Amino acid sequence: MSKKTIWFEVQEHETMEDCLNRMKQEGYTAVGRKEEPLFEEINGEPVPVRQIIKFKGNKIEN
């Protein structure tokens with residue numbers, strides 16, 4: 001039995017639309033979204049590298 005709710009992360013090589021299509025193929029629909037900054041330490045200072053985007057997916061009931 002699969003989980004009813006899981007988080008899908010937009011990978012570096014894909015667009016948000018690609019991620020949403022991947023969710024749909026796996027039988028999930030997006031019900032939420034969150035973004036987190038990804039930092040890298042350079043010369044002792046945190047430098048933003050990119051945004052991590054995640055979609056909350058609920059299992060599509062048949």
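This text goes with the structure placed above it.
Procedures and definitions
Residues numbered from 1 in each chain as written. Predicted model: local features only at pLDDT ≥ 70, side-chain atom pairs only at ≥ 80, totals over all residues. Heavy atoms only, no water. Helix = DSSP H or I, 4+ residues; strand = E, 2+ residues; numbered from the N terminus. Buried < 20%, exposed > 50% of the residue type's maximum accessible area, 1.4 Å probe, protein only. Contact = heavy atoms within 4.5 Å. Core = buried A, V, L, I, M, F, W, Y, C linked by side-chain atoms within 4.5 Å. Polar contact = N/O pair within 3.5 Å; in protein donor to acceptor, adjacent residues only side chain to side chain. Salt bridge = Lys/Arg side-chain N within 4 Å of Asp/Glu carboxyl O.

**Q** I'd love a proper account of the environment of Leu 20, names of residues and values included.
**A** As for its position among the elements, Leu 20 is in helix α1 (residues 16–25). In this structure Leu 20 comes out as partly exposed when scored by relative accessible area, which is 34%. Contact partners of Leu 20, with chain neighbours within four places excluded, come to Ala 30 and Phe 55.

**Q** An account of the nonpolar core is needed here, citing residue identities and associated values.
**A** As a rule of thumb, nonpolar side chains are buried together in soluble globular proteins. Residues Phe 8, Val 10, Cys 19, Met 23, Tyr 28, Ile 53 and Phe 55 constitute the largest nonpolar core, which totals 7 residues. For this core, the secondary-structure elements that each account for two or more residues are α1 and β3 (45–59). In this view, Ile 53 contacts Phe 8, Glu 9, Val 10, Met 16, Arg 33, Lys 34 and Glu 35; residues no more than four positions away in its chain are not counted.

**Q** Before we move on, could you go through the side chain of Glu 14 and cite the residues and values that matter?
**A** Take Glu 14: it is sitting in the loop between β1 (5–9) and α1. Judged by relative accessible area, Glu 14 falls into the buried class, the value being 13%. In this structure the side chain of Glu 14 is engaged in a polar contact, spanning 3.1 Å, whose partner is the backbone nitrogen of Gln 11. Reaching out from Glu 14, the side chain makes a polar contact with the side chain of Arg 22 at a distance of 2.7 Å. The residues touching Glu 14, leaving out its near neighbours within four places in the chain, are Glu 9, Cys 19 and Arg 22.

**Q** Provide a residue-level description of the pattern of salt bridges, including the pertinent values.
**A** This model, assessed by the stated rule, comprises 5 salt bridges. With a shortest N-O distance of 3.5 Å, Lys 4 and Glu 61 are connected by a salt bridge. Of this pair, Lys 4 sits in the segment before β1 while Glu 61 is found in the segment after β3, placing the two residues 57 residues apart along the sequence. Given the relative accessible area of 53%, Lys 4 is considered exposed. A relative accessible area of 58% means that Glu 61 is categorised as exposed. A salt bridge links Glu 36 to Lys 34; the shortest N-O distance between them is 3.9 Å. A residue is classified by how much of its surface remains accessible, and Glu 36, at 30% relative accessible area, is partly exposed. Judged by relative accessible area, Lys 34 falls into the partly exposed class, the value being 32%.

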